[in-house]
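# Report on the structure
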Number of protein chains: 2
Amino acid sequence: MANFEQYIVNPKKFSLNNFKANDKSERSKTKADDALELAKLATEINALQDILNAEGKRKVLLVLQGMDASGKDGTVRHVFSECDPLGIRLASFKAPSSDELAHDYLWRVHSQVPKAGELVIFNRSHYEDVLIVKVHDWIDDAECQRRYKQINDFEQLLTETGTVIIKCFLHISKEEQKARMQERLNEPTKTWKFNPDDLKERALWPKYMQAYEQALKATSTKHAPWYVIPADSKTNRNLLISRLLLSALKSMKLAYPPVPAEYKTIVIED
Amino acid sequence: MANFEQYIVNPKKFSLNNFKANDKSERSKTKADDALELAKLATEINALQDILNAEGKRKVLLVLQGMDASGKDGTVRHVFSECDPLGIRLASFKAPSSDELAHDYLWRVHSQVPKAGELVIFNRSHYEDVLIVKVHDWIDDAECQRRYKQINDFEQLLTETGTVIIKCFLHISKEEQKARMQERLNEPTKTWKFNPDDLKERALWPKYMQAYEQALKATSTKHAPWYVIPADSKTNRNLLISRLLLSALKSMKLAYPPVPAEYKTIVIED
């Protein structure tokens, strides 16, 4: 995918400080134009998703990671606003159950990867197992390094068996998170999304940024690169992820399967 | 749910002949008005689905059954056009895998029922196990009767544990099916949905109608009634199912959970 170089995590020189959360360069001059553009992108994504499904061979996986309130839900809502529920599937990974904990950490993730023809969105992912667990020191450095390698190997298996993987880190500033959390508290129809425990994670912001920086650097590979998405602006975020996804779908050169010759002679009886 | 009496299957006097597939009484006088109404219903469904999710206690299950090309996919696409992928989940039941066949027929279905706060759509369902298998005589009458009872008991379990079940039979005429199959054959972007085996099932139309009549009659209960949806008109079908679903959601008297008092004193630190 060309044109997205500036957002790609290059392990050789990556520093999160070089990426601005409040960058808005995907936006045009007016809100109206942005809304039109987003609707157009959503329509195109839906059209290509239909062909992906019709082809029934390859798979697409969109991984969304980011701090609380970074806009993972909003991304799903807007980027896929024109896709019907038949074409896409959302897999959300919350705190693991006791059964999930009794398996290796990739077990529950592997069971949710897209099958042939599917487009699956991961709302959080196996990366939680090198982020929250690292920030809280539930795993040590050696284990974390082992996991980076295991994750890269796992993603390589997926790409070698027909999956296109797009990984997006929704990059927001600490100030923007505060504003969004405050909004959740003030708006009665949104308060249920607020979890007081999120404040404890917020207090660990610098440790999280460090863990993200380290994880993105270690797992941004040729087969599954990471993109840092400036996400303080919701519109910028939606436009960029839509464009990234559309570009990935276009690169796949999807086509409806040829109509079998014998279909031409079929007569449907009354 | 009031006003939908005419569509409910009353086991005491049910005959499919009394239901017209080409009924269009849900429609207004103009296509434009119907489109506006459908969009309005979809918006209301989305709003209530958000509260269902926020409440996080009860569950909703919409079962869609019908012959090939009766519009199950189209229903999902239109009725849920305003719902984002976060709020609903689609479970499609195709020919069972060998692992599924090694379990009882309700096993794979039970694993897909909605959890607290979820709205799940079944595209086909456990009813295939009293329909296709009965038409082909893979089960005998005695087994079929046993299954009706098992299904009623299963659905009673679901309703008694907080699930609202809405079951819709998409009723199309044999002529309409022919037209839609022909359309799939003629339109290159739709041909991939055509399966020559569907013609073999079509040839068994009278046996299917008999199996449907018998199944609907035996499993239309107080806790989980069947609705016969006139579905030759796609607009009539979409309007009716949207209205049924909306009415069911309204009857639940959903409300956002109260904001915990202690939330008012929360200060989000910089």
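For the structure, see preceding data.
In short, a report on the structure. What you see is a predicted model; the values in this text were computed from it and never measured.

If you tally the helices and strands in chain A, you get ten helices and five strands. Dimensions along the principal axes, computed over C-alpha positions, put chain A at roughly 70 × 45 × 40 Å. Here chain A holds 270 residues, and 50% of them are scored as buried. A separation of at least 24 residues holds for 81% of the contacts in chain A among residues at least 6 apart in sequence. If you sum the accessible surface of chain A, you get close to 12,900 Å²; carbon and sulfur atoms cover 51% of it. Charge centroids of chain A, computed over 40 positive and 38 negative side chains, lie 5 Å from each other.

Another aspect to go through is the interface of chain A and chain B. Listed as interface residues are 35 residues of chain A and, on the opposing side, 35 residues of chain B. Here chain A meets chain B over a buried area of about 3,200 Å², counting both sides, of which 70% is carbon and sulfur. Counting the surface chain A buries against chain B, the share from its top three residues, L86, W192 and I268 of chain A, is 23%. Where chain A touches chain B, the interface holds two salt bridges. Elements represented by at least two residues in the side of chain A that touches chain B include exactly α1 (31-55), α2 (72-79), β2 (88-92), α7 (174-186) and α8 (197-202) of chain A. Per-element accounting of the side of chain A that touches chain B gives the leading share, five residues, to α7 of chain A. A breakdown of the residues in the side of chain A that touches chain B according to their chemical character gives 20 nonpolar, six polar and nine charged.

Here we take up the environment of G56 of chain A. Residue and element names in this part refer to chain A. Assignment of secondary structure puts G56 in the loop between α1 and β1 (59-66). The spatial distance from the C-alpha of G56 to the C-alpha of I121 is 17 Å, given a sequence separation of 65 residues. Every residue in contact with G56, bar those within four places of it in the chain, is listed here: A116 and G117.

When two helices pack together, you describe them by how their axes are tilted relative to each other and by the distance separating the axes. Residues and elements named next belong to chain B. For the pair helix α2 (residues 72-79) and helix α10 (residues 234-251), interaxial distance at closest approach is 10 Å and the crossing angle is 60 degrees. In terms of axis orientation, α2 runs oblique to α10. Note on packing geometry: the crossing formed by α2 with α10 is right-handed. Between α2, through G74, T75, H78 and V79, and α10, the contact on the second element is made entirely by R237, N238, I241, S242 and L245.

Residues and elements named next belong to chain A. For α7, with 13 residues, the first-to-last C-alpha span of 19 Å sits near the 18 Å given by 1.5 Å per residue. Within the span of α7, buried status applies to Q177, R180, M181 and L185. Axial view of α7: buried residues confined to an arc of 145 degrees, hence all on one face. For α7, the exposed residues set more than 90 degrees away from the buried face come down to E175 and N186. Its buried side turned inward, α7 meets α8, α9 (205-219) and α10 (234-251).

This part covers the nonpolar core. With 74 residues, the main nonpolar core has F80, I121, F122 and C168 of chain B as its most contacted residues. The biggest single contributor to this core is α10 of chain B, with eight residues. Beyond its immediate stretch of four places on either side in the chain, F122 of chain B contacts L61, L62, V63, L64, A91, F93, V109, Q112 and V113 of chain B. Membership of the second largest hydrophobic core comes to 73 residues, among which are I51, L61, L64 and M67 of chain A.

Note on the identical chains: chain A maps onto chain B by a rotation of 180 degrees and an axial translation of 0.0 Å, with an RMSD of 0.0 Å. Interpreted geometrically, this transformation is the action of a two-fold axis. Taking C-alpha positions as the reference, the residue of chain A nearest the rotation axis is P85 of chain A, at 3.2 Å.

Strand pairing in a sheet relies on backbone hydrogen bonds. The paired strands run either parallel or antiparallel. Residues and elements named next belong to chain B. Strand order in the open sheet made by the five strands is β2-β3-β1-β4-β5, with parallel pairing throughout. Where the open sheet ends on each side, the last strands, each with one partner, are β2 (88-92) and β5 (226-230). The mean inter-strand angle of the sheet, taken between neighbouring strand axes irrespective of direction, is 20 degrees. In this structure, strand β1 (residues 59-66) lies alongside strand β4 (residues 163-171), joined through eight bridges in parallel fashion. Residue pairing across strands places V60 opposite V164, the latter belonging to β4. Helix α6 (residues 141-160) contacts β1 and β4 of the sheet and is inclined by roughly 135 degrees relative to β4.

The next subject is helix α9 (residues 205-219) of chain B. Residue and element names in this part refer to chain B. Between its first and last C-alpha atoms α9 spans 21 Å; for 15 residues at 1.5 Å apiece the expected length is 21 Å, and the two agree. Where α9 is concerned, the buried positions are W205, Y208, M209, A211, Y212, A215, L216 and T219. Looking down the long axis of α9, one finds its buried residues gathered within 165 degrees of arc, a one-sided arrangement. In α9, the exposed positions angled more than 90 degrees off the buried face are occupied by P206 and Q210.

Residues and elements named next belong to chain A. The element β1 is extensively covered by neighbouring structure, given that eight of its eight residues are classed as buried. Here β1 shows two buried faces, one formed by K59, L61, V63 and Q65 and the other by V60, L62, L64 and G66. Sheet topology places β1 next to strand β3 (residues 119-123); five bridges connect them, and they run parallel. Opposite L64, over in β3, you have N123 as the bridge partner.

Moving on, we come to the environment of Y105 of chain A. Residue and element names in this part refer to chain A. Secondary-structure assignment places Y105 in the loop between α3 (98-101) and α4 (107-110). Considered as a pair, Y105 and D129 are 24 residues apart in the sequence and their alpha carbons are 7.0 Å apart. Once residues lying within four places of it in the same chain are set aside, the contact partners of Y105 are H126, D129, R147, Q150 and I151. At 3.5 Å, the side chain of Y105 forms a polar contact with the backbone oxygen of R147. Within the structure, the side chain of Y105 is placed 2.8 Å from the side chain of Q150, a separation counted as a polar contact.

Glancing now at the packing of helix α1 (residues 31-55) of chain B against α10 of chain B. All names here are of chain B. Axis separation between α1 and α10 bottoms out at 10 Å; the angle between their running directions is 30 degrees. For the element pair α1 / α10, the angle class is roughly parallel. As for the relative orientation of α1 and α10, their crossing is left-handed in sense. In this structure, α1 uses D34, E37, L38, L41, E44, I45 and L48 to contact α10, whose residues at the interface are T235, N238, L239, S242, R243, L245, L246, L249 and K250. When the residues that make up the contact of α1 with α10 are grouped by side-chain class, the tally is eight nonpolar, three polar and five charged.

Basis of the calculations
Residues numbered from 1 in each chain as written. Chains lettered and ligands numbered in written order. Predicted model: local features only at pLDDT ≥ 70, side-chain atom pairs only at ≥ 80, totals over all residues. Heavy atoms only, no water. Helix = DSSP H or I, 4+ residues; strand = E, 2+ residues; numbered from the N terminus. Buried < 20%, exposed > 50% of the residue type's maximum accessible area, 1.4 Å probe, protein only. Contact = heavy atoms within 4.5 Å. Areas by Shrake-Rupley, 256 points an atom, 1.4 Å probe, with all protein chains shown as cover. Lys, Arg positive; Asp, Glu negative; His and termini not counted. Charge placed at Lys NZ, Arg CZ, Asp CG, Glu CD. Buried area = accessible area lost by both parts, 1.4 Å probe. Salt bridge = Lys/Arg side-chain N within 4 Å of Asp/Glu carboxyl O. Nonpolar A, V, L, I, M, F, W, Y, C, P; charged D, E, K, R; others polar. Axes fitted to C-alpha atoms, helices over the stretch in contact; angles between N-to-C directions. Parallel < 35°, antiparallel > 145°, perpendicular 65-115°, else oblique. Left-handed = near helix turned anticlockwise from the far one by under 90°. Expected span 1.5 Å × (residues − 1). Arc of directions from axis to C-beta. Core = buried A, V, L, I, M, F, W, Y, C linked by side-chain atoms within 4.5 Å. Least-squares fit on C-alpha atoms with pLDDT ≥ 70 in both. Pairing = 2+ DSSP bridges. Polar contact = N/O pair within 3.5 Å; in protein donor to acceptor, adjacent residues only side chain to side chain.

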